[in-house]
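# Topology and contacts: notes
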Amino acid sequence: MELIYKSTRNANETATASMAILKGLANEGGLFVPDSIPAFDVSLDELAKMDYRQVAYNVMKLMLTDFTEEELMHCINSAYDDKFDTKEIAPLVKKAGAYYLELFHGSTIAFKDMALSILPYLLTTSAKKNNVENEIVILTATSGDTGKAALAGFADVPGTKIIVFYPKNGVSPIQEKQMVTQKGDNTFVVGITGNFDDAQTGVKNMFSDVELNNYLGTKGYQFSSANSINIGRLVPQMVYYVYAYTRLVANGDIKAGDKINVVVPTGNFGNILAAYYAKEMGLPIAKFICASNENKVLYDFFETGSYNRNRDFILTTSPSMDILISSNLERLIYKIAGNDAVKNKELMLALNSKGEYTITDDMKANLASFYGNYASEAETSATIKKVYESDNYIMDTHTAVAANVYDKYVAATGDTTPTVIASTASPYKFTRSVMNSIDSEYDKQSDFDLVDELNRLSGVKVPQAIEDIRTAPVRHNTVCDKEDMLKVVKEFLGV
């Protein structure tokens, strides 16, 4: 049966999976959501006998129903190959009373690789399926990790160009170096004088500018997105939660059907939403523990039922979560409103115009499986040190936010359900913050001296992604005001 995707803001706007991937964003700023989520058609015990690629196929075929088996397997096998430094693709490591799902073994050492390794293949396959002649321009805002992973995925992919906007002073030095040294004649990287929300808003405005899109069409271009607003990003992220659960079954830690909890360090809400969709498919998840940093707009939302972005934007040591407008929350709002596009649109317009909205009591009741909390900068740092000392395991700042919030959840509830923590980036991506947490004396050292010291302490090989940027020349040095994003796009495209 073919799965149809609908816009969260207009029930009459529908698309096949491949068209939804191609467009990225629905009209009027809506997001594409499946009209239903199909149940697994193989048992959890059977999935436990499969490798990552086989699990990926059995999850994704249900969500991307207009792809043939041959097309989907081509995308999966092309993505999950030796770009990853481990055969498991996403290993599960038991440390400090939880299971850490290491999602950073891809070529850019962050969880975005899990989806952005496959998105270029999904996108180019979708273009062929729909007889698209235009060159596809991937337009993306990043809070640090999506940018490099998208650039790496799309570099020199025929028929595509990619333009990434990032907050000039809002990412880690390693994250910035990874982006500005990116090779590929079709890649463009731009720092903006503003924060991630400014970058994200600018990108969304270009997507929903009908006149601009028509004009670009006459020049042979069309926009698509590599952000998690694209359903082609979200569906591959469902896979690793299913894979993690089935590893627990395969290892004898749980029996098929037992419940687990998941903890996700959360900014734009895509990663935790993927876990929610996996549950809808039949994965036995009891609690979704949503971990925020000091930009705790999601924690406040789960506490009060009000989403309010009217607050100071705080630059933290977990910059990928420095976000006040969590785009993917819209998909959950649409769901808990009973798939009511009119109600959802009204709330999103209020967020746009007033910076806040409040959900109804009935909608709030539908969030019972979510628990939100946050970690301060001091707590994040203390958690890195504590787990290093107790388990000789060094985690990055985002994972530490999740670990700290998980400790708070257990203290508040006494819940002993086996728990998977999404470990979203390698500590090598945030060496200064990580090493300073272990000992503030490290702050005197240079970024790459810290890399070598982290290697000595952890015993974990320095990832190739870090070795590659030690001496790589800067290729992208464009910086613009947030108001000039469109002008820069037009200059890059020569239109």
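Our structure is the block above this text.
Residues numbered from 1 in each chain as written. Predicted model: local features only at pLDDT ≥ 70, side-chain atom pairs only at ≥ 80, totals over all residues. Heavy atoms only, no water.

## Side note on helix α18 (residues 397–413)
Here α18 contains 17 residues, and its C-alpha end-to-end distance of 24 Å stays within 8% of the 24 Å for a straight helix at 1.5 Å per residue. All of the buried residues along α18 are Thr397, His398, Thr399, Ala400, Val401, Ala402, Ala403, Asn404, Val405, Tyr406 and Tyr409. Gly414 occupies a position one or two residues after α18 and carries a positive phi of about 70°. (Helix = DSSP H or I, 4+ residues; strand = E, 2+ residues; numbered from the N terminus. Expected span 1.5 Å × (residues − 1). Buried < 20%, exposed > 50% of the residue type's maximum accessible area, 1.4 Å probe, protein only.)

## Describing the nonpolar core
The biggest cluster of nonpolar side chains holds 115 residues, and the ones touching the most others in it are Tyr5, Met60, Leu64, Tyr241, Phe269, Ile333 and Tyr357. Residue contributions to this core peak at 13 residues, all from helix α11 (residues 231–250). Excluding residues within four positions of it along the chain, Leu64 makes contact with Tyr5, Ala17, Ile21, Leu72, Leu122 and Val235. Within the second largest apolar cluster, 41 residues are counted, among which are Ala98, Ile174, Met395 and Phe430. (Core = buried A, V, L, I, M, F, W, Y, C linked by side-chain atoms within 4.5 Å. Contact = heavy atoms within 4.5 Å.)

## Things to note about empty space enclosed by the protein
If a probe as big as a water molecule is rolled over the atoms, it shows which places are left empty. All told, the structure shown has 3 cavities of 30 Å³ or more when counted by the stated rule. Quantified by volume, the largest cavity comes out at close to 250 Å³. Lining of the largest cavity is provided by 26 residues; of these, Phe111, Lys112, Gly267, Asn268 and Ser320 occupy positions nearest its centre. The set of elements that each furnish at least two residues to the lining of the largest cavity consists of α7 (145–154), α11, β10 (260–265) and α12 (270–281). Among the elements that take part in the lining of the largest cavity, α12 stands out by supplying 3 residues, more than any other. When grouped by side-chain class, the residues that make up the lining of the largest cavity number 9 nonpolar, 14 polar and 3 charged. (1 Å grid on protein atoms, 1.4 Å probe; cavity = no way out; pocket = protein on both sides within 12 Å on 5 of 7 lines; lining within 4 Å. Points joined across faces, edges and corners; volume = space filled by probe spheres on them. Nonpolar A, V, L, I, M, F, W, Y, C, P; charged D, E, K, R; others polar.)

## Quick notes on the side chain of His398
Looking at the secondary structure, you find His398 in helix α18. A relative accessible area of 3% means that His398 is categorised as buried. Ignoring anything within four residues of it in the chain, the contact list for His398 reads Pro265, Thr317, Ser318, Pro319, Ser320, Met321, Thr424 and Phe430.

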